[in-house]
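Listed below are the residues making up each chain.
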Amino acid sequence: MDSFKTYAAKAHAGQTRSDGSPYIAHPERVAANVEKFKKSKNLDALIKAAWLHDTIEDSDTTFEDLRKMFGGLVAGLVKELTSDKGAIDKSNKTDYLKNKMVAMSSYALVIKLADRLDNVSDLKTAKTPAWAQKYKKETQDILSHLVKNRQLSSTHKKLIKAINVKMNEI
């Protein structure tokens with residue numbers, strides 16, 4: 001197994017998704033979404049960052065750990081994708097994500113949208129129907145804000161379309 005996959009698996013060991021499945025399946029699907037939608041000379045770094053995107057947020061991994069092992073681009077993308085819990089507490093998660101996603105780099109936004117696509121694909125197994133509806137509304141608010149306030153690449157637009165298709169299935 002590739003070192004970044006092994007690292008992600010160790011960082012998420014023992015963690016599970018809301019349906020009880022091992023957490024590592026989520027970053028694997030996010031990476032698959034990135035590979036499906038993005039064509040780039042830096043695709044390898046984007047796939048690595050997708051596998052590692054929750055490691056700083058959900059484990060004791062540091063930016064410096066990732067930089068030493070996987071380089072500045074991968075570590076920088078993971079850091080950019082990591083939520084600031086203090087900033088979320090000061091406003092609300094939807095507003096925080098709307099502002100964060102409008103300002104993030106194009107590469108990070110590809111990974112974040114691939115992450116959101118996987119998360120909306122999981123809504124059928126959400127903790128409660130009310131939680132699923134809340135997440136769906138949050139996603140609609142974020143996507144609407146992105147479309148209005150950011151120049152989007154063709155990859156971003158394809159991912160947004162795929163997210164909307166998934167949400168309409170629920």
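Note that the structure is a prediction, hence the values are computed from the model and not measured.

Enquirer: What exactly am I supposed to notice about the packing of aromatic side chains here?
Expert: Centre-to-centre distance and the angle between the planes together describe a pair of aromatic rings. Counting across every chain of the model gives 3 aromatic pairs. Pairing Phe4 with Trp51 gives two aromatic rings, centres 6.3 Å apart and planes at 70°, and the pair type is edge-to-face. In this pair, Phe4 sits in helix H1 (residues 3-11) while Trp51 sits in helix H3 (residues 43-52), placing the two residues 47 residues apart along the sequence. Overall, Phe4 belongs to the buried group, its relative accessible area being 8%. Relative accessible area serves as the criterion here: at 8%, Trp51 is assigned to the buried category. A ring pair is formed by Tyr7 and Phe70, whose centres lie 5.9 Å apart and whose planes are at 75°; its orientation type is edge-to-face. On the criterion of sequence distance, the pair formed by Tyr7 in helix H1 and Phe70 in helix H5 (residues 63-70) is long-range, its members being 63 residues apart. With respect to class, Tyr7 is no different from Phe70; both count as buried. Stacked on the ring of Phe63, the Lys or Arg Lys79 has its end atom at 4.9 Å from the ring centre.

Enquirer: How should a positive patch on the surface be read in this particular structure?
Expert: There is a patch of like positive charges on the surface, built from Lys85, Lys93, Lys127 and Lys134. In this fold, Lys127 is placed in the loop between helix H9 (106-121) and helix H10 (129-149). On the basis of relative accessible area, Lys127 is assigned to the exposed category, the value being 61%.

Criteria and cut-off values
- Residues numbered from 1 in each chain as written.
- Predicted model: local features only at pLDDT ≥ 70, side-chain atom pairs only at ≥ 80, totals over all residues.
- Heavy atoms only, no water.
- Phe/Tyr/Trp six-rings, centres within 6.5 Å; stacked < 30°, edge-to-face > 60°.
- Helix = DSSP H or I, 4+ residues; strand = E, 2+ residues; numbered from the N terminus.
- Buried < 20%, exposed > 50% of the residue type's maximum accessible area, 1.4 Å probe, protein only.
- Lys NZ or Arg CZ within 6 Å of the ring centre and 35° of its normal.
- Patch = residues over 30% accessible without salt bridge, like charges linked within 9 Å, V, L, I, M, F, W, Y side chains within 5 Å.
- Areas by Shrake-Rupley, 256 points an atom, 1.4 Å probe, with all protein chains shown as cover.
- Salt bridge = Lys/Arg side-chain N within 4 Å of Asp/Glu carboxyl O.
- Lys, Arg positive; Asp, Glu negative; His and termini not counted.
- Charge placed at Lys NZ, Arg CZ, Asp CG, Glu CD.

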